[in-house]
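Chain and residue survey
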Amino acid sequence: MKINRTALAASVLGFALAGAGVATPALADDPGSGIDVSVNIEPTTTPGQLSMTVADNNGVSLQENGSDAAARQFTGTLPTVTVTDTRTPEEIPQGEYWAVVGQASQFVASDDPAKTIGPEYLGWKPRLLSDSSTGAVSAGEPVSSVVSDGTGAPNVGLEGQELLVSTANSADEIGTSQVNADLALRTSVDVAAGEYHSTLTLSLFNQS
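This one's a predicted model, so the numbers in the text were calculated from it and none came from an experiment. (Residues numbered from 1 in each chain as written. Predicted model: local features only at pLDDT ≥ 70, side-chain atom pairs only at ≥ 80, totals over all residues. Heavy atoms only, no water.)

1. Re the overall build of the chain
The following threshold applies: What counts as a helix is a DSSP run of H or I of at least four residues, what counts as a strand is a run of E of at least two, and both are numbered from the N terminus. Any two residues whose heavy atoms approach within 4.5 Å are treated as being in contact. Areas reported as accessible are Shrake-Rupley estimates using a 1.4 Å probe. Residue values count occlusion only from the protein chains shown.
Along the backbone of the chain there are two helices and 13 strands. Across the chain, the fraction of contacts at a sequence separation of at least 24, relative to all contacts at a separation of at least 6, is 78%. For the chain, the accessible surface area stands at approximately 12900 Å², while carbon and sulfur atoms represent 52% of it.

Written out as C-alpha cells, the structure is:
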C-alpha cells in the first residue's frame, strides 16, 4: 500500500483541530475515544523474467581460414549470448522449456546486389561457456555449410532456424547461461569476389 504522506498529515491535523474545538476535558481523558490506526505494508516484489542479451559488438567479420582445393572457408566467432532467468520455481509453469535459435539471411555483395551467397553456406558450432550445474542447459549441435566441412554435421547451414542453446525444463536450472559459436562460411572455390553482408537473427522461445 502506497501512503501519501502529505495527505495523511493533513488528515491528522484536521482531525486534531476539529477535536480541539468541541471536546471537553472529560472526553479528552476518556480512553475509549482513541482510534487505532493500522496498516499492513506488503514487501515490494518484482516478478522474475526470462530474457536474452547479446554482448556489445560491431558485428562479426569473417576471415579466410582453412580454405582448400574443395572450398573457400571464412571463419569468426559469434558474440557471447546470455540467457537470464530470474523467476522463482513457483513462477515457472510445469514442463516449460526455453530455447535460442539462429537463422541467417542471404549474403549480398555491397558492390552488386545481384551477387549473393545463400545462408545455407554459413554453418556454426555452438559452445556453452557457463557451467550447467545440473546438465539441464546444453548447446545446440553443430551445423555445416552445404559445402561439407567433413565433420559429419548436417549440411544445411543456417537457412532455417537452428538451435544455439536450450534447456529441457526451465525449472531444473534457474540463473544465467552463456553461449557463443564458431561460425564458418564455406563456399565453392569459384565464389565471386566482393564484400558480402548478412544478418544473423537470434530468437528466444519460451514454451510449455
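2. Observations regarding the pattern of salt bridges
Cut-off, in case you're wondering: Salt bridges are defined by distance alone: a side-chain nitrogen of Lys or Arg within 4 Å of a carboxyl oxygen of Asp or Glu.
Using the criterion set out here, one finds five salt bridges in the structure. Here R87 ties to E96 by a salt bridge, and the two come within 2.7 Å at their closest N and O atoms. As a salt-bridge pair, R127 and D182 come within 2.9 Å of each other at their nearest N and O atoms. Of this pair, R127 sits in strand β8 (residues 122-128) while D182 sits in strand β11 (residues 176-187); the two residues are 55 residues apart in sequence, bridging distant segments of the chain. Residues participating in the shared-partner salt-bridge network are D85, R87 and E96.

3. Observations concerning the nonpolar core
What counts is decided by this rule: Grouping buried Ala, Val, Leu, Ile, Met, Phe, Trp, Tyr and Cys residues that are joined through side-chain atoms within 4.5 Å yields what is termed a nonpolar core. Burial status follows relative accessibility: with a 1.4 Å probe on protein chains alone, a residue under 20% of its type maximum counts as buried, one over 50% as exposed, and anything between as partly exposed.
Of all hydrophobic cores here, the largest spans 24 residues; its most connected members are L78, W124 and L164. Those elements that provide at least two residues to this core are β4 (81-85), β5 (97-104), β6 (107-109), β8, β10 (162-167) and β11. Among the elements that line this core, the one with the most residues is β11, at four residues. Beyond its immediate stretch of four places on either side in the chain, L164 contacts L78, V81, V100, V101, W124, P126, A139, G140, V179, N180, A181 and L202.

4. Topic: the sheet that holds β5
Let me state the cut-off plainly: Whether two strands pair comes down to DSSP finding at least two bridges between them. Whenever a helix is involved, its axis is fitted only over the stretch in contact; in every case the axis is a line through C-alpha atoms, and angles between N-to-C directions fall within 0 to 180 degrees.
Reading across from one edge, β9-β10-β5-β13 is the order of the four strands in this open sheet, with antiparallel pairing throughout. Lying at the two open borders of the sheet, with one neighbouring strand each, are β9 (137-139) and β13 (200-207). On average, each strand axis in the sheet is inclined to that of its neighbour by 20°, with strand direction left out of account.

5. Brief notes about the sheet that holds β6
Each strand in a sheet pairs with its neighbour through backbone hydrogen bonds, running either in the same direction (parallel) or in the opposite one (antiparallel). Taken in spatial order, the three strands make up an open sheet running β7-β6-β12, and their pairing is antiparallel. One side of each edge strand has no neighbouring strand; the edge strands of this open sheet are β7 (116-117) and β12 (196-197). As judged from the two bridges shared by β6 and β7, these two strands associate in the antiparallel manner. Pairing of F107 across the sheet is with I117, part of β7.

6. Focus on the pairing of β10
Of all the six residues making up β10, five are buried; the element is thus mostly covered by neighbouring parts of the structure. When β5 meets β10, the two strands line up antiparallel, connected through four bridges. Looking across to β10, one finds that V101 is bridged to L163. Here β9 pairs with β10 via three bridges, running antiparallel. By the bridge assignment for β10, S138 is matched with S166.

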